[in-house]
Amino acid sequence: MSANAIEIRDLRKSFGPVDIIRGVNLELRAGERHALIGPNGAGKSTLFHLISGRLRPTSGKILLHGQEIQGKPPARIVHAGLSRSFQITNIFPEMTVLENLRCAVLWKLGHRYSVLRPLGRLRDVEAECTRLLEELRLTHRRTSRADSLSYPEQRALELGLAVASGADTLLLDEPMAGMSHSETAAALELIMAVTEGRSLLMVEHDMGVIFEMADRISVLVYGEVIATGTPEEIRANPAVQEAYLGTPNAEEAA
Amino acid sequence: MTMNAIETARSRPGQTLLPATLPWAAVIAVLFILPLAFPGTAMVSTLNYLGTMAIFALSYNVLLGQTGLLSLGHATFFGLGGFIATHALLGMAEAGWAFPLPLLPLIGGLGAFVLGIFGGWLASGKGGMPFAMITLGLSELVYAAAAIFPSIYGSEEGVSMDRMELGSSFGMDYGSATDIYVIVAVWFVICAAGLKYFTTTPLGLLANAVRDNAERVEFLGFSARRVRMWTYAIAAGVAGIAGSLAAINFEIITVIELGAATSTLVLLMTYIGGTRVFFGPVLGAVVIGLMKVWLSDLTPAWMLYFGLLFIFVVMVAPGGLAGILVGAGAMIRAGRLGPQLPLLAAIGGLGLLSLAGVIMLIELGYRAGLDAALGSQIRILGLPMDAHGLNSWGLAALLALGGALSIRPLLSRLETLQHRLGLKGGDPA
Ligand SMILES: Nc1ncnc2c1ncn2[C@@H]1O[C@H](COP(=O)(O)OP(=O)(O)O)[C@@H](O)[C@H]1O
Ligand SMILES: [Mg+2]
């Protein structure tokens, strides 16, 4: 067992002739909350796709708890203990909120592809879903179709699908994008609660949020991590200031 | 917290037991009444055919409605199930085994299930277009193979059997159509209940998830391919049961049963009946089955009507016939059907007139073309008409066009009314 939840070594990804991820090195320590920031198009989502198995890297290594996972299919990576949410809401639109969550907890509770008992009789599934609904503040929406939810509710469900799988390592891609100020505050509180005791790597643009929640920050610019450090270190880093924070309207540009 | 407790209490299985068993009681009651209401060998044989197709369509909907998979070769398993059951019966009869005939579909179903695992493994890598194409390819393969193995598939005339050869069991000798009706009805209840149960299981839910968003399923730890493969095998197994029942009912099975025409038939039945309501495919099987049985006696153009119905459903009612019924039921319960009734009746009446015109056009066309040898005089919908007569064609065209054109303004009025009733742009329920 390594002390790092994720270790990325010289990771590269090119789409045809275009290099998008150009030698990324990154460590997510076990139990830390780590923010990934960087301008639009820097490759943050692509990096998440590589870690979670949606994309295959061109070269380089990704270790999850010391085990190589690069190039493995997403389901295997989930079994190894990593789950994720998506920047663009990626839920089951025609199913109810409860059904969405049931799907997400089935694997960890060991029911898998079972046909032995109806879901209504699986006490553990019901208990876990009730708990999640409560936590996500979606209890009153449990029988609503997912595509009928408001945007913040859909984002909460998106987050719920990621945390429900029980993985100890979480990747959250802009979980609060597009939310109002008050919605963001509520979402942040929720994220802090559901990620308690897990390792978290999160893409986020809101500097206020980042400095409040992150133990460490990495800055990705043009497919390279140009700096990693505590919020104070990042704030003081001249390279970061120049490449990213230095622009006068950094927060909106991000 | 209290709200929450109330809601959980409401959704307890015990609470929902009554409404959940009610439709089943109705199904069983209908199955009891049907042969009494429609006695006679021909009628009961038709009922047997309809029951068989209803099971077949239910099995197809496991793929189409539940998993979102468009199979173009589902008849493969219907046909193979029938052949397996037929050869099992012939073999056991020759060996002198006493195997009860009602259990024969178990053999056909199991055989089709095993073949379905294999086929599903091949077809399930992706959904969508690749799945449709692979299922089409597999079914063409099996169909072509039939020509190579005449000893298994028979030649043109198929393989026949005598269902009484296995002897009597359960107090029936299986000579009469009513005996077969009992077998079909019991298997219908078993298959429908089994498939309904399947929708409530983890795998059944994952099938819905694969339909909605196959990629996301992978990020929850599941293999969409495995889900597709198992649903494919289950659908194949139930289709095999239906095919076995068809073989028992007709005492013959031919390669047509596993060909593209049969695959298309079950697709149309399921879609027209409605894929999002559990019993929708049954409705489709009954309506299309009756059209096939009765209409093919009345007119050579029955396939055309069938196509028209399909186009109508695709364009006007994508929820199928069951979708229309469920929508209407919701409106009645909400008390919002009443204000629409006069308009709906007018639209329906004009629609019928237009339909009559279309029927006349089609029948006149057939009589003037393909069936010209039968002479130009023909009775259509009770009216004497002439395939060479200007009046007949004129009346037909007038009805068809006039009806269709006068419906249009009514449709927009209906839409305005539905807006006012708050039925559009939101869920009617
Ligand atoms: N499948 C793809 N093919 C080609 N280019 C891609 C693909 N996916 C992403 N890109 C490009 O990679 C760059 C990084 O995208 P992304 O990772 O989404 O950035 P970020 O999440 O940091 O805003 C963008 O320029 C984008 O256009
Ligand atoms: Mg992004």
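Residues numbered from 1 in each chain as written. Chains lettered and ligands numbered in written order. Predicted model: local features only at pLDDT ≥ 70, side-chain atom pairs only at ≥ 80, totals over all residues. Heavy atoms only, no water.

Here we look at the overall build of chain B
Where we set the bar: Every helix listed is a DSSP run of H or I at least four residues long, and every strand listed is a run of E at least two residues long, numbered separately from the N terminus. Classification of residues uses two cut-offs on accessible area relative to the type maximum, computed with a 1.4 Å probe and protein chains only: under 20% is buried, over 50% is exposed, and between them is partly exposed. Residues are treated as being in contact if the distance between any of their heavy atoms lies within 4.5 Å. The method behind every accessible area is Shrake-Rupley, applied with a 1.4 Å probe, and residues are considered shielded solely by the protein chains displayed. Counted as positive: Lys and Arg. Counted as negative: Asp and Glu. His and the chain ends are not counted at all. Where a charge sits is defined by one atom per residue type, namely NZ (Lys), CZ (Arg), CG (Asp) or CD (Glu).
Counting its secondary structure elements, chain B contains 16 helices and 4 strands. Each of the three principal axes of chain B carries a C-alpha extent, and together these read 75 × 65 × 45 Å. Considering chain B as a whole, with its 429 residues, one finds that 47% of them fall into the buried category. Partitioning the intrachain contacts of chain B with sequence separation of at least 6 by distance along the chain shows that 75% fall at a separation of at least 24. For chain B, the exposed surface amounts to about 20,200 Å²; the carbon and sulfur share of it is 72%. One way to put it: in chain B the 20 positive side-chain charges average out to a point 19 Å from where the 20 negative ones average out.

Examining the domain arrangement of chain B
Residues and elements named next belong to chain B. Here is the rule we go by: Residue ranges labeled as domains rest on an automatic or database domain assignment. For any pair of parts, buried area is found by adding up, for both, the accessible area (1.4 Å probe) each one loses once the two are put together. Polar contacts, as counted here, are pairs of nitrogen or oxygen atoms within 3.5 Å of one another; within protein the pair requires one atom able to donate a hydrogen and one able to accept it, and residues that are adjacent in sequence qualify only if both atoms are side-chain atoms. Each residue receives one of three labels: charged for Asp, Glu, Lys and Arg, nonpolar for Ala, Val, Leu, Ile, Met, Phe, Trp, Tyr, Cys and Pro, and polar for the others, Gly being one of them.
Assigned domains within chain B: domain 1 (22-319) and domain 2 (335-420). Relative to domain 2, the C-alpha centre of domain 1 lies at a distance of 34 Å. Summed over both partners, the interface of domain 1 with domain 2 comes to about 510 Å²; 69% of that surface belongs to carbon and sulfur atoms. Taken as a group, Pro300, Leu304 and Tyr305 account for 70% of the area that domain 1 buries against domain 2, more than any other trio of residues on that side. Here domain 1 is connected to domain 2 by 2 residue pairs in polar contact (both at pLDDT 80 or more). Among the residues forming the side of domain 1 that touches domain 2, the class breakdown is 5 nonpolar, 1 polar and no charged.

A short note on the pairing of strand S4 (residues 59-64) of chain A
Residue and element names in this part refer to chain A. Our working rule: Only when DSSP finds a minimum of two bridges between them are two strands counted as paired.
Pairing analysis gives 5 bridges linking strand S1 (residues 4-15) to S4, with the strands arranged antiparallel. Looking across to S4, one finds that arginine 12 is bridged to serine 59. Sheet topology places S4 next to strand S5 (residues 67-68); 2 bridges connect them, and they run antiparallel. Each bridged residue has a counterpart across the sheet, and for leucine 64 the counterpart in S5 is glutamine 67. The turn joining S4 and S5, which pair antiparallel and follow one another in sequence, is formed by 2 residues; a positive phi near 50° is taken by histidine 65.

Quick notes on the interface of chain B and chain A
Quite often, the size of an interface is put as the accessible area lost when its parts meet. Here is the rule: We define a salt bridge as a contact between a side-chain nitrogen of Lys or Arg and a carboxyl oxygen of Asp or Glu at a distance within 4 Å.
The interface of chain B with chain A comprises 29 residues on the first partner and 38 residues on the second. At the boundary of chain B with chain A, total buried surface from both sides reaches about 3,100 Å², with 61% on carbon and sulfur atoms. Summed over the three residues of chain B that lose the most area to chain A, namely Arg216(B), Phe219(B) and Leu220(B), the buried surface amounts to 24% of that side. Inspection of the chain B/chain A interface yields 3 salt bridges. Measuring nitrogen to oxygen at the nearest pair gives 2.7 Å for the salt bridge that ties Arg216(B) to Glu158(A).

Things to note about the site of ligand 1
Residue and element names in this part refer to chain A. What counts is decided by this rule: For this purpose, a residue is taken to be near a molecule or strand whenever a single non-hydrogen atom of the residue falls within 4 Å of it.
Taken together, Phe15, Ile20, Pro39, Asn40, Gly41, Ala42, Gly43, Lys44, Ser45 and Thr46 make up the full set of residues adjacent to ligand 1. Within the backbone of glycine 43, an N or O atom sits 3.0 Å from an oxygen atom of ligand 1. When the free accessible area of ligand 1 is taken as 570 Å², the share hidden by the protein chains comes to 57%. Here the shell around ligand 1 is composed, by residue class, of 4 nonpolar, 5 polar and 1 charged.

What to know about the sheet that holds strand S7 (residues 169-173) of chain A
Residue and element names in this part refer to chain A. Stated precisely, the cut-off is as follows: Helix axes are fitted to C-alpha atoms over the stretch in contact, other axes to C-alpha atoms as well, and angles between N-to-C directions run from 0 to 180 degrees.
Spatially, S6-S7-S8-S3-S9-S10 is the arrangement adopted by the 6 strands of the open sheet, whose pairing is mixed. The sheet is open, and its two edges are formed by strand S6 (82-84) and strand S10 (224-229), each paired on a single side. Pairwise comparison of adjacent strand axes, ignoring direction, gives a mean angle of 20° for this sheet. The sheet contact formed by strand S9 (residues 216-221) and S10 spans 5 bridges and is antiparallel. Bridge assignment links leucine 220 to a residue of S10, and that residue is valine 225. Its contacts with the sheet place helix H1 (residues 44-52) against strand S3 (33-37), S6, S7, strand S8 (199-203) and S9, and it is angled at close to 150° to S7. Sheet strands touched by helix H5 (residues 151-164): S6 and S7. Its angle to S7, the strand with the most contacts, is close to 155°.

A short note on helix H12 (residues 280-298) of chain B
Residues and elements named next belong to chain B. Counted only if it meets this: Here a helix's expected span is defined as the number of its residues, less one, multiplied by 1.5 Å. Bend is computed residue by residue as the angle between axes fitted to the seven residues ending at the residue and the seven residues starting at it.
Between its first and last C-alpha atoms H12 spans 26 Å; for 19 residues at 1.5 Å apiece the expected length is 27 Å, and the two agree. Where H12 bends most, at lysine 292, the angle is about 30°. Here H12 has its buried residues at Gly280, Pro281, Val282, Gly284, Ala285, Ile288, Gly289 and Met291. Where the residues of H12 are buried, they touch helix H3 (41-66), helix H8 (177-199), helix H11 (260-273), helix H13 (302-316) and helix H14 (320-333).

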